[in-house]
Protein chains: 2
Amino acid sequence: MFSLLKNHINSRVLLTEEEFNICTKFFISKKLKKHQFLLNEGDVCKYIGFVNTGCLREYKIDNKGVEHILQFAIEDWWVSDLNSFLTGLPASYNIDALQDSDVLLLEKSAREELLKNCPKMERFFRLLIEANHVASQRRIADSLSASAEERYLKFIKTYPKLFEQVPQNQIASYLGITPQSLSRIRKELTQK
Amino acid sequence: MFSLLKNHINSRVLLTEEEFNICTKFFISKKLKKHQFLLNEGDVCKYIGFVNTGCLREYKIDNKGVEHILQFAIEDWWVSDLNSFLTGLPASYNIDALQDSDVLLLEKSAREELLKNCPKMERFFRLLIEANHVASQRRIADSLSASAEERYLKFIKTYPKLFEQVPQNQIASYLGITPQSLSRIRKELTQK
DNA sequence: AAAAGAAATTACCATATGGTAATTTTTTTT
DNA sequence: AAAAAAAATTACCATATGGTAATTTCTTTT
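Thresholds applied
Residues numbered from 1 in each chain as written. Chains lettered and ligands numbered in written order. Predicted model: local features only at pLDDT ≥ 70, side-chain atom pairs only at ≥ 80, totals over all residues. Heavy atoms only, no water. Phe/Tyr/Trp six-rings, centres within 6.5 Å; stacked < 30°, edge-to-face > 60°. Helix = DSSP H or I, 4+ residues; strand = E, 2+ residues; numbered from the N terminus. Buried < 20%, exposed > 50% of the residue type's maximum accessible area, 1.4 Å probe, protein only. Lys NZ or Arg CZ within 6 Å of the ring centre and 35° of its normal. Near = heavy atom within 4 Å. Polar contact = N/O pair within 3.5 Å; in protein donor to acceptor, adjacent residues only side chain to side chain. Nonpolar A, V, L, I, M, F, W, Y, C, P; charged D, E, K, R; others polar. Pairing = 2+ DSSP bridges. Contact = heavy atoms within 4.5 Å. Axes fitted to C-alpha atoms, helices over the stretch in contact; angles between N-to-C directions. Buried area = accessible area lost by both parts, 1.4 Å probe. Salt bridge = Lys/Arg side-chain N within 4 Å of Asp/Glu carboxyl O. Left-handed = near helix turned anticlockwise from the far one by under 90°.

So, the packing of aromatic side chains: which residues are in play, and what are the values?
For the coordinates displayed, the defined rule picks out 20 aromatic pairs over all chains. Ring centres 5.4 Å apart and planes at 20° place the aromatic pair Phe72(B) and Tyr174(B) in the stacked group. Of the two residues, Phe72(B) is situated in strand β5 (residues 67-74) and Tyr174(B) in helix α8 (residues 168-175); the sequence distance between them amounts to 102 residues. Residue class for Phe72(B) comes out buried when judged on its relative accessible area of 5%. Judged by relative accessible area, Tyr174(B) falls into the buried class, the value being 12%. Among the aromatic side chains, those forming a connected cluster through ring pairs are Phe27(A), Phe50(A), Trp78(A), Phe124(A) and Phe125(A). Directly above the ring of Tyr59(A) sits Arg57(A), whose terminal nitrogen or CZ lies 3.9 Å from the centroid. Lying over the aromatic face of Phe125(A), Arg111(A) brings its terminal NZ or CZ to 4.6 Å of the ring centre.

Hey, could you go over the protein's contact with DNA strand C for me, with residue numbers and the actual values?
In the vicinity of DNA strand C there are 16 residues, among which Ala148(A), Gln180(A), Ser181(A), Gln168(B) and Asn169(B) approach most closely. Among atoms of DNA strand C positioned within 4 Å of the protein, sugar and phosphate together represent 71%. Between DNA strand C and the protein, one listed contact pairs a phosphate oxygen with a side-chain N or O atom of Ser181(A) at 2.6 Å. Here a phosphate oxygen of DNA strand C sits 2.7 Å away from a polar atom, N or O, in the main chain of Asn169(B). Here the element with the most residues in the surface near DNA strand C is helix α9 (residues 179-191) of chain B; it accounts for four residues. Of the residues belonging to the surface near DNA strand C, the class tally is three nonpolar, nine polar and four charged.

Could you give me a rundown of the protein's contact with DNA strand D, with the residues and numbers involved?
Close to DNA strand D lie 16 residues; Gln168(A), Asn169(A), Ala148(B), Gln180(B) and Ser181(B) are nearest. Backbone atoms, meaning sugar and phosphate, form 70% of the atoms of DNA strand D found within 4 Å of the protein. Between DNA strand D and the protein, one listed contact pairs a phosphate oxygen with a side-chain N or O atom of Lys34(B) at 3.4 Å. Looking at the surface near DNA strand D, the elements with two or more residues in it are α8 (168-175) and α9 (179-191) of chain A together with α9 of chain B. Residue composition of the surface near DNA strand D, grouped by class: three nonpolar, nine polar and four charged.

Tell me about the sheet that holds strand β3 (residues 47-53) of chain A, and please be specific about residues and values.
Residue and element names in this part refer to chain A. With antiparallel pairing, the four strands of this open sheet are ordered in space as β1-β8-β3-β6. At either margin of the open sheet sits one strand with a lone partner, and together these are β1 (27-32) and β6 (78-79). The pairing of β3 with strand β8 (residues 101-107) spans six bridges and is antiparallel. Opposite Tyr 47, over in β8, you have Glu 107 as the bridge partner. Of the strands in this sheet, β1, β3 and β8 are in contact with helix α4 (residues 108-117), which crosses β8 at around 70°.

Residue-level account of the interface of chain B and chain A, with values.
Many structure descriptions define interface size as the accessible area lost when the parts assemble. Across the boundary between the two partners, chain B contributes 29 residues, which contact 29 residues of chain A. Across the chain B/chain A interface, buried area totals approximately 2500 Å², and carbon plus sulfur atoms make up 63% of it. Looking only at chain B, the three residues that lose the most surface to chain A are His133(B), Gln137(B) and Leu144(B), adding up to 24% of its buried area. Along the contact surface separating chain B from chain A lie zero salt bridges. On the surface where chain B and chain A come into contact, there are two residue pairs in polar contact (both at pLDDT 80 or more). Of all elements in the fold, only β4 (55-61), β5, α3 (82-87), α5 (120-145) and α8 of chain B reach the threshold of two or more residues within the side of chain B that touches chain A. Across the side of chain B that touches chain A, the residue classes break down as twelve nonpolar, ten polar and seven charged.

Could you give an account of the packing of helix α6 (residues 148-158) of chain B against α8(B), naming the residues involved and the relevant values?
Residue and element names in this part refer to chain B. Two elements in contact, α6 and α8, have axes whose closest approach is 10 Å; the angle formed by their N-to-C orientations is 115°. Where α6 crosses over α8, the two elements pack in a sense that is right-handed. Across the interface between the two elements, Arg 151, Tyr 152 and Phe 155 from α6 touch Ile 171, Tyr 174 and Leu 175 from α8. When the residues that make up the contact of α6 with α8 are grouped by side-chain class, the tally is five nonpolar, no polar and one charged.

Structure representation (structure tokens):
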């Protein structure tokens with residue numbers, strides 16, 4: 001149940017067996033069915049979640065009813081509306097499961113306790129948000145400079161597992177194009 | 001010289017007079033002439049900079065030679081290639097001055113000393129990166145869902161000072177459109 | 001103040017992507 | 001296995017934005 005998380009943390013911060021065991025106490029395990037929500041826009045995000053199996057997505061719905069995906073989270077990734085989680089403000093995004101999924105949830109107060117009991121994890125969470133920041137910068141840069149086709153090819157290269165695991169219409173939403181456009185782009189690529 | 005920084009920090013973290021004075025010791029003041037570089041892509045980003053006066057920008061140049069602006073920093077804002085600064089890896093972006101500017105620079109080792117001498121600042125820097133993360137998420141969401149015209153109007157609303165201070169072609173670059181397109185959009189807006 | 005350089009505007013056509021709708025294929029539910 | 005639902009594809013036209021180039025306005029340098 002915690003073996004994936006153990007490797008995940010240990011590849012970033014060195015914890016003793018005992019320290020890691022303390023950390024695990026603060027997580028709650030939860031199974032999500034496909035389409036089940038972990039967070040609704042407007043609610044406060046109570047957890048950050050570590051994905052053990054399956055796949056979730058964080059997205060918003062615009063005023064025309066169209067979904068826009070900010071992030072996928074497959075196994076070995078974290079998911080939350082970090083702003084809402086940290087500030088207690090209502091969430092700007094929804095989070096739901098694209099497939100049946102197992103997640104480990106860390107509540108805000110549990111996280112604070114965890115950090116008290118295992119201060120090394122401060123560093124871990126700093127590294128996490130830094131990695132997130134880097135990825136966001138790159139995605140912004142790509143949205144400014146790359147065509148839909150280029151963004152699609154970069155996506156495949158950067159996230160090969162997501163590419164395999166996630167339906168095309170979801171990838172299109174992540175890339176900021178319609179499923180029809182992505183289908184056309186794919187066709188053009190095969191013809192090259 | 002430090003009064004702006006003082007208000008900036010105190011609005012986020014409460015420091016005593018003495019604590020703040022300790023912090024100031026770690027900053028280096030630097031004047032930049034318009035067009036002067038603070039960072040070149042490929043170099044390691046040695047500083048994070050707090051802008052006292054003027055305006056800088058963080059940007060990359062794509063393979064066609066076009067500039068794409070990731071961030072502006074006017075007075076009371078921070079600027080750096082955070083990834084490069086934190087990891088020591090070569091920077092992905094350039095930083096230069098759009099106007100003559102005064103900045104306070106904090107070197108990596110100075111920052112570490114500062115944090116040792118004034119641990120309250122840990123919280124400050126965490127809040128800083130969190131705010132950054134929120135802004136990035138919002139910008140990504142906008143790039144997915146909003147038209148160029150909508151992004152322009154949001155920009156004006158969100159950053160009225162930048163709108164006054166920064167040339168249009170730079171704003172266009174930030175929005176991911178050509179200066180000509182922005183000019184056309186502005187014309188259409190006046191006609192509405 | 002004059003000259004040079006940079007920024008903004010305008011126009012015309014090109015191209016990428018969107019909207020709508022119909023069809024086919026794949027997946028899920030019964 | 002059949003039926004229903006969802007996803008992917010295709011096509012046709014519409015629209016937003018880009019590319020190029022010329023002109024005007026504004027800013028900086030001499």
